[in-house]
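A look at the structure
In case you want the letters, here they are:
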Amino acid sequence: MVSPNGHPEIFTRAVAGLKAATPRAEIQLEEVPAPQRIAPYSYAVSGVVMKDGEEVATGRLILLHDPDGHEAWDGTLRLVTYVTAELEPDLAADPLLPAVGWTWLTDALEAEEATHTAVAGTVTQTISTRFGDLAGPPAAADIEIRASWTPTGDDLGAHLLAWCAVLASTAGLPPPGVTALHGHRLMA
């Protein structure tokens, strides 16, 4: 079925679900141009995590819809994300960081009850060292999460909230209800 805007109804409902979800206060969302060549229909939102007035993590969530589906997608809708944040170099050197970063995604999808299939992706940790006249701190480190999954329904509000949880975890924000105080976490 086609909605009044000419898009398939499933895509229109999926976009409406993404737009209806409200993230936590530290996350600012903005609709951005979506890639046009990956699927016949697409929608994208960018997210920025602000902490103490500074941008500490960024990301993009892209909804793809192909009415014919893709075998690798295991469906007609696909969510694709890219999330990145700067880290302390000692954290980025932790060999467990990629596994922890991946659980941020899978745990968030489970916690929000964002039912899905065919989840796949990578977690990359980098440490860059500057030399010579290149200004900046002597070492900089980043984590980057790239992932995609197929939602099993077309109400994607829970998926957006799960993605926002990944942004918050990547930024080092405490979970809702937990307050960080002098490097310790206390229950609020």
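Higher on the page you've got the structure.
Computed from a predicted structure; not experimentally measured.

1. So, the sheet that holds strand E6 (residues 139–151)
One open sheet holds the six strands; their spatial order is E1-E2-E3-E4-E6-E5, and the pairing between them is antiparallel. Both edges of this open sheet fall to strand E1 (27–32) and strand E5 (116–129), since each of them pairs with a single strand only. In this sheet, adjacent strand axes meet at a mean angle of 15° when their direction is disregarded. Where E1 and strand E2 (residues 41–51) come together, six bridges link them in antiparallel fashion. Bridge pairing in E2 links Glu 30 to Ser 46. With respect to the sheet, helix H1 (residues 9–20) is in contact with E1, E2, strand E3 (54–70) and strand E4 (75–87), its orientation differing from that of E3 by roughly 165°.

2. Describing the environment of Lys 51
Relative to the assigned elements, Lys 51 resides in strand E2. Residue classification places Lys 51 among the partly exposed residues on the basis of a relative accessible area of 33%. Each C-alpha atom, one on Lys 51 and one on Gly 153, is 33 Å from the other, the two residues being 102 residues apart in sequence. Every residue in contact with Lys 51, bar those within four places of it in the chain, is listed here: Val 56, Ala 171, Gly 172 and Leu 173.

3. Overview of the nonpolar core
Grouped together as the largest cluster of nonpolar side chains are 39 residues, with contacts concentrated most on Leu 18, Val 49, Leu 61, Leu 63, Leu 160 and Trp 163. Taken together, the elements giving at least two residues each to this core come down to H1, E2, E3, E4, helix H3 (97–111), E6 and helix H4 (157–171). At eight residues, H4 tops the list of elements feeding residues into this core. When sequence neighbours within four positions are dropped, the list of residues in contact with Trp 163 reads Leu 29, Val 45, Ser 46, Gly 47, Gly 59, Arg 60, Leu 61, Thr 81 and Val 83.

4. A look at the packing of aromatic side chains
Per the counting criterion, the structure on display carries one aromatic pair. Measuring from ring centre to ring centre gives 5.7 Å for Phe 11 and Tyr 41, while their planes differ by 40°; the resulting arrangement is tilted. With Phe 11 in helix H1 and Tyr 41 in strand E2, this residue pair connects regions lying 30 residues apart in the sequence. We classify Tyr 41 as partly exposed; its relative accessible area is 22%.

5. Focus on the pairing of E6
Regular strands place their side chains on alternate faces of the sheet. Across nine bridges, E4 lies against E6 in antiparallel orientation. If you follow Leu 87 over to E6, its bridge partner there is Ala 141. Pairing geometry for E5 and E6, over 12 bridges, is antiparallel. Residue pairing for E6: Val 123 is matched across the bridge by Ile 145.

Cut-offs applied
- Residues numbered from 1 in each chain as written.
- Predicted model: local features only at pLDDT ≥ 70, side-chain atom pairs only at ≥ 80, totals over all residues.
- Heavy atoms only, no water.
- Pairing = 2+ DSSP bridges.
- Helix = DSSP H or I, 4+ residues; strand = E, 2+ residues; numbered from the N terminus.
- Axes fitted to C-alpha atoms, helices over the stretch in contact; angles between N-to-C directions.
- Contact = heavy atoms within 4.5 Å.
- Buried < 20%, exposed > 50% of the residue type's maximum accessible area, 1.4 Å probe, protein only.
- Core = buried A, V, L, I, M, F, W, Y, C linked by side-chain atoms within 4.5 Å.
- Phe/Tyr/Trp six-rings, centres within 6.5 Å; stacked < 30°, edge-to-face > 60°.

From the geometry alone we can't say anything about function, so treat these as descriptive.
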